[in-house]
Amino acid sequence: MRRKVIAGNWKMNMTPSQAKALIEETKPLVAGKDNCDIIFCVPFVDIHAAQEAAAGSNIKIGAENVHFAPKGAYTGEISAEMLKECGVDYVIIGHSERRQYFGETDETVNLRTKAALEAGLKVILCLGEVKEERVNGITDEVVSMQTKLDLKDVTVDQLANVIIAYEPVWAIGTGLTATPEQADETCGVIRNTIAKMYGAEAAEKIVIQYGGSMNAANAAELLSKENVDGGLIGGASLKAKDFSIIVNAAQ
Ligand code: PGA
């Protein structure tokens, strides 16, 4: 049985004081819900406040991006070593909003993934098809290609620190959710790709989340699917009650 992982992706929301308040509100609602891992990935400037608020609880804190270079002339970027020293455990890489608005490609996603893993961070690697790709029936090809390119040269040992978030781009922030069957099927395609790349054991172990308008109402059904090992949650992670219902569904 794979352990479920419920991760919030706050995106560009919450000031440090708001971050503190949201975590204080969420903490008692998820206390003792220890049958899944609970993570909030937060803006860089919220990391410290979020960690302070989460201290001693079952909530772990992650970042939303990381640069691939160890240091240097990359104005505005943050390195893996910086995150590590801040006590961050997880980092989201390759979110579709980064691919769409900030020029991320499978190549830079792969570089970032390797840099994060080498620094000892756990990676939540996001991938998924856009609407036209699903309509044209090439979802399976797209997600397996992304899986291969994004994990190029990542070793089987390093893979133990990778979570994949399958996020159909058409479902993110749109209120449209993949059906549980679609989510299960495509997470299964990703798992098969991992099996081809790393063998059956690694494929059996890897956590594959679904993300894209997962909410309090639909989480239980999505999470009941064999290949769906958790959720990456945007909008609903900004509401303590809704997020805690999703955590409950993962118990
Ligand atoms: P959403 O975002 O839950 O608001 O659709 C998910 C994500 O982008 O990770």
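Not measured: the values here are computed from a predicted model.

Conventions and cut-offs
- Residues numbered from 1 in each chain as written.
- Predicted model: local features only at pLDDT ≥ 70, side-chain atom pairs only at ≥ 80, totals over all residues.
- Heavy atoms only, no water.
- Axes fitted to C-alpha atoms, helices over the stretch in contact; angles between N-to-C directions.
- Helix = DSSP H or I, 4+ residues; strand = E, 2+ residues; numbered from the N terminus.
- Left-handed = near helix turned anticlockwise from the far one by under 90°.
- Contact = heavy atoms within 4.5 Å.
- Nonpolar A, V, L, I, M, F, W, Y, C, P; charged D, E, K, R; others polar.
- Phe/Tyr/Trp six-rings, centres within 6.5 Å; stacked < 30°, edge-to-face > 60°.
- Buried < 20%, exposed > 50% of the residue type's maximum accessible area, 1.4 Å probe, protein only.
- Lys NZ or Arg CZ within 6 Å of the ring centre and 35° of its normal.
- Parallel < 35°, antiparallel > 145°, perpendicular 65-115°, else oblique.
- Near = heavy atom within 4 Å.
- Polar contact = N/O pair within 3.5 Å; in protein donor to acceptor, adjacent residues only side chain to side chain.
- Areas by Shrake-Rupley, 256 points an atom, 1.4 Å probe, with all protein chains shown as cover.
- Pairing = 2+ DSSP bridges.
- Right-handed = clockwise from strand over helix to strand, strands pointing away.
- Disulfide = S-S within 2.5 Å.

Novice: Please provide a residue-by-residue account of the packing of helix 1 (residues 16-30) against helix 12 (residues 240-249), values included.
Specialist: Closest axis-to-axis distance for the helix 1/helix 12 pair is 9 Å, and the angle between their directions is 35°. The handedness of the crossing between helix 1 and helix 12 is right-handed. Contact residues: helix 1 offers Leu22, Glu25, Thr26, Leu29 and Val30, while helix 12 offers Ala240, Lys241, Phe243, Ser244 and Val247. Split by residue class, the contact of helix 1 with helix 12 holds six nonpolar, two polar and two charged.

Novice: Describe the packing of aromatic side chains, with residues and values.
Specialist: Across all of its chains, the model carries five aromatic pairs by this definition. When the centroid spacing of 6.4 Å and the interplanar angle of 90° are considered together, the rings of Tyr101 and Phe102 count as edge-to-face. For the pair formed by Tyr101 and Phe102, the shared burial category is exposed. Among the aromatic residues, ring-to-ring pairing joins Trp10, Phe40 and Phe243 into one connected group. If you follow Lys122 out to its NZ or CZ, it ends over the ring of Tyr90, 5.6 Å from the centre.

Novice: Please give an account of the packing of helix 5 (residues 106-118) against helix 7 (residues 139-150) that cites residues and values.
Specialist: In contact at an axis separation of 8 Å, helix 5 and helix 7 are set at 45° when each is read in the N-to-C sense. The pairing of helix 5 with helix 7 is recorded here as oblique in orientation. Of helix 7, the residues touching helix 5 (which contributes Asp106, Val109, Asn110 and Thr113) are Gln146, Leu149 and Asp150. In terms of residue class, the contact of helix 5 with helix 7 is built from two nonpolar, three polar and two charged.

Novice: Lay out the site of the ligand with the relevant residues and their values.
Specialist: Taken together, 13 residues lie near the ligand, and Lys11, His95, Glu167, Gly173 and Ser213 sit nearest. The separation between an oxygen atom of the ligand and a polar side-chain atom of His95 is 2.6 Å. In the environment of the ligand, an oxygen atom lies 2.7 Å from a nitrogen or oxygen atom belonging to the backbone of Gly173. If the ligand stood free it would expose 280 Å²; the protein chains cover 95% of that surface. Grouping the amino acids of the shell around the ligand by side-chain chemistry returns four nonpolar, seven polar and two charged.

Novice: Explain the pairing of strand 1 (residues 4-9) residue by residue, including any values.
Specialist: Here strand 1 lies mainly inside the structure; six of its six residues are buried. Along strand 1, one buried face is formed by Lys4, Ile6 and Gly8 and the opposite face, lined by Val5, Ala7 and Asn9, is buried too. In this structure, strand 1 lies alongside strand 2 (residues 36-41), joined through six bridges in parallel fashion. Each bridged residue has a counterpart across the sheet, and for Gly8 the counterpart in strand 2 is Phe40. Following the chain from strand 1 across helix 1 to the adjacent parallel strand 2, one finds a crossover that is right-handed.

Novice: For the state of the cysteines, give the residues involved together with the corresponding values.
Specialist: In this structure the tally under the stated criterion is zero disulfides. Unpaired in terms of disulfides, Cys41 finds its nearest cysteine sulfur in Cys126, a separation of 8.7 Å. The exposure class of Cys41 is buried, given its relative accessible area of 0%. Left without a disulfide partner, Cys187 is nearest to the cysteine sulfur of Cys126, which lies 12 Å away.

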